[in-house]
Amino acid sequence: MSYEILDVKRPDDVVDVSYADNYVTPELLPKAICMAGEVVAYLFATIDGKSMYVNFFEVVDDKKEEGHGTEIVDFLFKHYELQCMTGKVMIESGLRAYYFWESLGSDLSIPL
C-alpha cells in the first residue's frame, strides 16, 4: 500500500475524530494519512530526531480491519527514518488499541 502524509490545517478539518480538539496544540497539529487521495487515518505526533511520540493514532472506522494500521506504522518508520516510537494508548471501548500495539511487539501496561 502506498501512503502519503498531509498536514491538517485546522482541527475542524479532522471530521472523523470528534474529540480532536483534545490533541491539537500549536506544536502538535494533526496529520492525515492518505492512500489514493482518501484519508485512511489520523496521526497526532511529535518527532525528535529519530524518535516519534504518538499522542493519538486512529484508522478511520470504515478502513479498520483492512491492515492499514500495521502498514501505516511500518510506513512511518521508513518515511521518517525512525528508530523508535513511543506514546499513549487510549482505552476507549475494550482493549482494541492495546491489542493492536501489542501485536506489533510493543511493551505496554494498562493504567489502572
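One can find the structure itself at the top, above this paragraph.
What counts, and at which threshold
The written sequence of each chain sets the order in which its residues are numbered from 1. Selection of residues for local features in this predicted model requires a pLDDT of at least 70, selection of side-chain atom pairs for listing and counting requires 80 or more, and totals for whole chains, interfaces and linings are taken over all residues. Note that water and hydrogens are dropped before the side-chain values are worked out from all heavy atoms of the structure. Runs of E in the DSSP output that reach at least two residues are strands. Runs of H or I that reach at least four are helices, and both are numbered from the N terminus. The buried label goes to any residue with under 20% of its type's maximum accessible area, the exposed label to any with over 50%, and the partly exposed label to all in between, with areas taken from a 1.4 Å probe on protein chains only. Polar contacts, as counted here, are pairs of nitrogen or oxygen atoms within 3.5 Å of one another; within protein the pair requires one atom able to donate a hydrogen and one able to accept it, and residues that are adjacent in sequence qualify only if both atoms are side-chain atoms. Ring pairs shown here join Phe, Tyr and Trp side chains whose ring centres sit within 6.5 Å, with only the six-membered ring taken for Trp; geometry is labelled stacked below 30 degrees between planes, edge-to-face above 60, and tilted in between.

S.K.: I'd like a rundown of the environment of H68, residues and numbers included.
M.R.: Residue position: H68 is located in helix α1 (residues 68–79). When its relative accessible area of 3% is taken as the criterion, H68 is described as buried. Along the sequence, H68 and V40 sit 28 residues apart, while their C-alpha atoms lie 7.5 Å from each other. Within the structure, the side chain of H68 is placed 2.7 Å from the side chain of Y3, a separation counted as a polar contact. Polar contacts involving the side chain of H68 include one to the side chain of E66, which spans 3.2 Å.

S.K.: Lay out the packing of aromatic side chains with the relevant residues and their values.
M.R.: Scanning the model with the defined rule gives two aromatic pairs in all. Aromatic pair Y3 and F75: ring centres 5.9 Å apart, planes at 55°, arrangement tilted. Residue Y3 is located in the segment before β1 (4–7), and its partner F75 is located in helix α1; the two are separated by 72 residues in the primary sequence. Of the two residues, Y3 and F75, both sit in the buried class. Taking 5.5 Å as the distance between ring centres and 75° as the angle between the ring planes, the aromatic pair formed by F44 and F56 counts as edge-to-face. Taken together, the positions of F44 in strand β3 (residues 38–48) and F56 in strand β4 (residues 51–59) put the pair twelve residues apart, joining distant regions of the chain. Comparing F44 with F56 shows no difference in burial state: the two are buried.

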